[in-house]
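Results of the structural survey
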Amino acid sequence: MIIRSVIGLCLLVCSLLNGQQLKSEILLEDNISIRALEIWDRKVWYTGTDSKFGYVSLADSKDKKQIVLADDKLQFRTLGQNKTDFYAINIESPALMFKINKTRLTKEIVFRDTAKTAFYDALHFVNDDLGYAFSDPDTDLNLKLAVFNRQGNGKWYIINRKDKVKMNKGEAAFAASNSNMASSRNYLWIATGGASSRIFRLDFRTEKWSVYNTPFVQGSSSQGIYAIEFYDDKFGIAVGGDYTKQSENFNNIATTQDGGQTWTVQASGKNGGYKTCVRIRPGSKGKDIIAAGDQNVELSRDFGKTWTTISNEKGLYVCEWINRNSIVLAGKNRILRMTLKL
């Protein structure tokens, strides 16, 4: 039986920052774990456990639909979209990439990765023509990416590079919220964790990779960066921590002003702990930021320097802004919308 954090579809109103308010509304309840969201056509689209894929309308939560992508109970923690289709790949080997037509909701498998080491952490579209899916490294510790390029052959394929980009032993990534990848006009970023927590940056203009160390908590398999977000080519934020010690809040938030080359730890010891998703508020130029994790939801209004807990909702893993004043979050057994009066 699903445990309801808010009974029925009631609205929960709580205090927020100088008398302002936060309104929370459940949109969907189901026996599912959701770690990937997309907004399209005024609907929240999601993937999750037991091969589930579906949507719930933002206009009317009774308008919803769910399909099963595979007979096997696959775990999906990725979801991306371009103009015509959604794409999702399951986390474990064999990894199957599904394409779902946006209008007909028909599905087909368009890519397979049968390597024993395949474990896909994130799927990200730079634009309608270019998408990436990121896996944990192969046995030779090569950075592993599948790419979709409509201007090429229009199919997904694993990049085979002469200049192999190596990951460190024990370095991988977290399939926590489909948000350890981000892009801007000129760059693609990938964040890692584990034995090392680093930033891999691809320059689209030169097609060359750079790798940067971070001051993030790292060293064990549960530590590191879980999510990143960039406002432009320069300003970005990373959040994470230690999954096994979620209340610890040291060296788990950092920002960059130079496109990921150097990072400054923010609010160490002064935040709500482990986070799995971070999103910059539209139109705020990086000033306003939401971060969500298994224990709470926090807001920063000063470029990540200080944080305020705005909700103690548990079990939320992924978040996405709908507009400047509302955000959708999902996780264990539910999707909800929060409306902020800032």
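What you see is a predicted model, and the numbers here were worked out from it, not measured in a lab.

Digging into the confidence of the model for the protein chain
Interpretation of this model should avoid reading the predicted coordinates in detail wherever pLDDT is low. Scored by pLDDT, the protein chain comes out at a mean of 93, with 93% of its residues at no less than 70. pLDDT under 50 marks residues 1-20. Its contacts with residues more than four places away, or in other chains, come to 39 contacts.

A short note on the pairing of strand β26 (residues 297-300)
By the alternation rule, side chains of β26 split into Val-297 and Leu-299 and Glu-298 and Ser-300, which are all buried. Where strand β25 (residues 289-292) lies against β26, four bridges are found, and the strand directions are antiparallel. Paired with Ala-291 across the two strands is Glu-298, which belongs to β26. Sheet topology places β26 next to strand β27 (residues 308-311); three bridges connect them, and they run antiparallel. Residue pairing in the sheet places Glu-298 in a bridge with Thr-309 of β27.

Points about the pattern of salt bridges
Within the structure shown, the criterion is met by 15 salt bridges. A salt bridge links Asp-203 to Arg-205; the nearest nitrogen and oxygen atoms lie 3.0 Å apart.

Focus on the nonpolar core
Judged by nonpolar contacts, the single largest core of 29 residues is most densely connected at Leu-37, Ile-290, Leu-329, Ile-335 and Met-338. When residues of this core are traced back to their parent elements, those giving at least two are β2 (20-40), β3 (43-48), β25, β26, β28 (316-323) and β29 (326-340). If you tally residues by element for this core, the top one is β29, at eight residues. Discounting residues that sit within four places of it in the chain, Leu-37 has contacts with Val-44, Trp-45, Tyr-46, Leu-79, Val-318, Glu-320, Val-328, Leu-329, Ala-330 and Ile-335.

Section: the sheet that holds strand β19 (residues 208-213)
With respect to topology, four strands assemble into an open sheet ordered β15-β16-β18-β19, the strand pairing being antiparallel. Edge strands, defined here as strands with exactly one partner in the open sheet, are β15 (181-183) and β19. For this sheet, the mean angle separating the axes of adjacent strands, direction not counted, is 20 degrees. As paired elements, strand β16 (residues 187-191) and strand β18 (residues 198-203) share five bridges and run antiparallel to each other. Each bridged residue has a counterpart across the sheet, and for Trp-189 the counterpart in β18 is Arg-201.

As for the packing of aromatic side chains
How two aromatic rings sit relative to each other is given by the distance of their centres and the angle of their planes. Under the counting rule described, the total for this entry stands at 20 aromatic pairs. Judged by centre distance (5.8 Å) and plane angle (50 degrees), the rings of Trp-40 and Trp-45 are tilted. Trp-45 sits in the buried class, given a relative accessible area of 3%. Their ring planes at 85 degrees and their centres at 5.8 Å tell us that Phe-235 and Phe-303 sit as a pair that is edge-to-face. One end of the pair, Phe-235, is in the loop between β20 (223-230) and β21 (236-242); the other, Phe-303, is in the loop between β26 and β27, with 68 residues separating them in the sequence. Its relative accessible area of 5% is what places Phe-235 among the buried residues. Taking relative accessible area as the criterion, Phe-303 reaches 31% and is therefore assigned partly exposed. One aromatic cluster in this structure is built from Trp-40, Trp-45, Phe-53, Tyr-55 and Phe-86.

Rules and cut-offs
Going along each chain's sequence as written, the residues are numbered from 1 onward. Predicted model: local features are reported for residues with pLDDT of at least 70 only, side-chain atom pairs are reported and counted for 80 or more only, and whole-chain, interface and lining totals are derived from all residues. Excluding hydrogens and water, the side-chain values take into account all heavy atoms of the structure. Confidence scores labelled pLDDT are given residue by residue by the predictor and lie between 0 and 100. It only takes one pair of heavy atoms within 4.5 Å for two residues to be counted as in contact. Here the term buried applies to any residue with accessible area under 20% of the maximum for its type, exposed to any over 50%, and partly exposed to those in between, with areas from a 1.4 Å probe on protein chains only. Runs of E in the DSSP output that reach at least two residues are strands. Runs of H or I that reach at least four are helices, and both are numbered from the N terminus. Note on pairing: DSSP must find at least two bridges between two strands before they are called paired. The working definition used for a salt bridge is a side-chain nitrogen of Lys or Arg within 4 Å of a carboxyl oxygen of Asp or Glu. For this analysis, a nonpolar core means a set of buried residues of the types Ala, Val, Leu, Ile, Met, Phe, Trp, Tyr and Cys, connected via side-chain atoms within 4.5 Å. To obtain each axis, a line is fitted to C-alpha atoms, and for helices this fit is confined to the stretch in contact; angles are then taken between N-to-C directions over 0 to 180 degrees. Only Phe, Tyr and Trp rings are paired, with Trp represented by its six-membered ring, and only when their centres lie within 6.5 Å; those with planes under 30 degrees apart are stacked, over 60 edge-to-face, the remainder tilted.

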